[in-house]
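What the coordinates show
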Amino acid sequence: MLRFLTRRVLGAIVIILAISFITYVLFFVLPSDPAQLACGKNCSNKELVAQIHHRMGLDLPVYRQYWDYMRGIFTGRTMADGQNCPAPCFGFSFANNAPIWPTIQDRYPTTLSLAAGGSVAFLAIGVGLGMLSAWQQGKTFDRVASSVSLVGNSVQIYFIGPLAIALFVDNLGWLDHGSDPTWSSDPVGSLSGLVLPCLVMSVIFWSNYSRQTRSLMVEQLSEDHIRTARAKGMSSKYVFYRYALRGAAASIITIFGIDLGSVLGGAIITEYTFGLHGLGTLAVNAVAQLDLPLEMAVMLISASAIVIVNVIVDACYALIDPRIRLA
């Protein structure tokens, strides 16, 4: 197990470094001069552009620029004009000439909470419905659940979000409108403010997981070892949970690892739908303002989060299926 995890961690480090280098080259080497972007669209002062070019270290070789950038994330760095950027240093925003990390610190709790809450919701609802459908295969509940899953898979967040707000917030008053979490000062209010956004975001995912889980469970229930277990006198409920569910769990975890990028994409749309202020809206605003350092920081953090969670998913996969450790 230790060797397996070591290989996965080392592979993740290589992937993150590759992503960071490619992203850095795309953002700071290939496009038009970043110093010109930092100076502004209407900036025509060549001396000022040259000063910004030097301050950002863009007059250095590409490998040196990349090394200074990555080193600054862990140790901080001093810019060419003497400005201090403490660790983790992702540079200075073009929009306000302020360090980027404090802005990300204000935004990432919303996205992290939304992604985590939405994942828990769609896994619990989707896997639960799929298991019940497989248990009631061919019966009324199975047909109704399959129909509901198809409908849920057809809607989008930007469509169902306003409807959910109108129904559960404005008319019934059962739930609170979405709000940015402040876990340290108001954990209860933070939780209540995320219930509706997380449930709305989960709809497009749990419908898919319901169908996938049902299919996997039905397939597992037809395996030879399941029939053997039943022939030995084991109860249907024990065989269902002990063998069929465990056999399907590995595939469900794999699907979840693949869907991580979609979860972040769903979080971005949900943030806009409910007026939340997370990394998604921050990234969109950075693109609109051509704020390359901020775009780079959000991209790198998001990619690293996906890679790290995939390593955790691989570890869970290996715990469920020991054969994976030999891969």
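Look up a bit, the structure's there.
The text that follows walks through the structure, step by step, so that each part is easy to find. The structure presented is a predicted model; accordingly, all values stated were derived computationally and were not measured.

Put plainly, a disulfide is one covalent bond tying together the sulfur atoms of two cysteines. Scanning the model with the defined rule gives one disulfide in all. Each disulfide pairs two cysteine sulfurs, and for Cys85 the partner residue is Cys89, the sulfurs being separated by 2.1 Å. An S-S torsion of about 110° defines the bridge between Cys85 and Cys89 as right-handed. With a relative accessible area of 2%, Cys85 lands in the buried category.

Turning our eyes to something else, we now look at the packing of aromatic side chains. By the definition in use, this model includes nine aromatic pairs. Here Tyr24 and Tyr69 contribute two aromatic rings whose centre-to-centre distance is 5.5 Å and whose plane-to-plane angle is 50°, an arrangement assigned as tilted. Taken together, the residues span a long stretch of sequence, with Tyr24 in helix H1 (residues 2-28) and Tyr69 in helix H4 (residues 62-75) at a distance of 45 residues. Each of the two residues, Tyr24 as well as Tyr69, counts as buried. Both rings, one in Phe122 and one in Phe256, keep their centres 6.2 Å apart while their planes meet at 50°; by these two values the pair is tilted. Placement of Phe122 in helix H5 (residues 100-135) and of Phe256 in helix H10 (residues 236-258) is noted, with a sequence separation of 134 residues between them. The residues Phe122 and Phe256 share a single accessibility class, namely buried.

We now examine the nonpolar core. Ranked by internal contacts, the top residues of the largest apolar core, which has 40 residues, are Phe122, Leu196 and Met201. Going through the elements one at a time, H5, helix H7 (157-171), helix H8 (187-221), helix H9 (224-231), H10 and helix H11 (260-274) are the ones with two or more residues in this core. For this core, the element with the highest residue contribution is H8, accounting for 13 residues. If we skip the residues at most four places from it in the chain, Phe122 touches Val127, Ser202, Phe205, Trp206, Tyr209, Phe256 and Val263. Residues Met56, Met70, Leu279 and Met296 belong to the second largest nonpolar core, which totals 26 residues.

Rules used in this analysis
- Residues numbered from 1 in each chain as written.
- Predicted model: local features only at pLDDT ≥ 70, side-chain atom pairs only at ≥ 80, totals over all residues.
- Heavy atoms only, no water.
- Disulfide = S-S within 2.5 Å.
- Buried < 20%, exposed > 50% of the residue type's maximum accessible area, 1.4 Å probe, protein only.
- Phe/Tyr/Trp six-rings, centres within 6.5 Å; stacked < 30°, edge-to-face > 60°.
- Helix = DSSP H or I, 4+ residues; strand = E, 2+ residues; numbered from the N terminus.
- Core = buried A, V, L, I, M, F, W, Y, C linked by side-chain atoms within 4.5 Å.
- Contact = heavy atoms within 4.5 Å.

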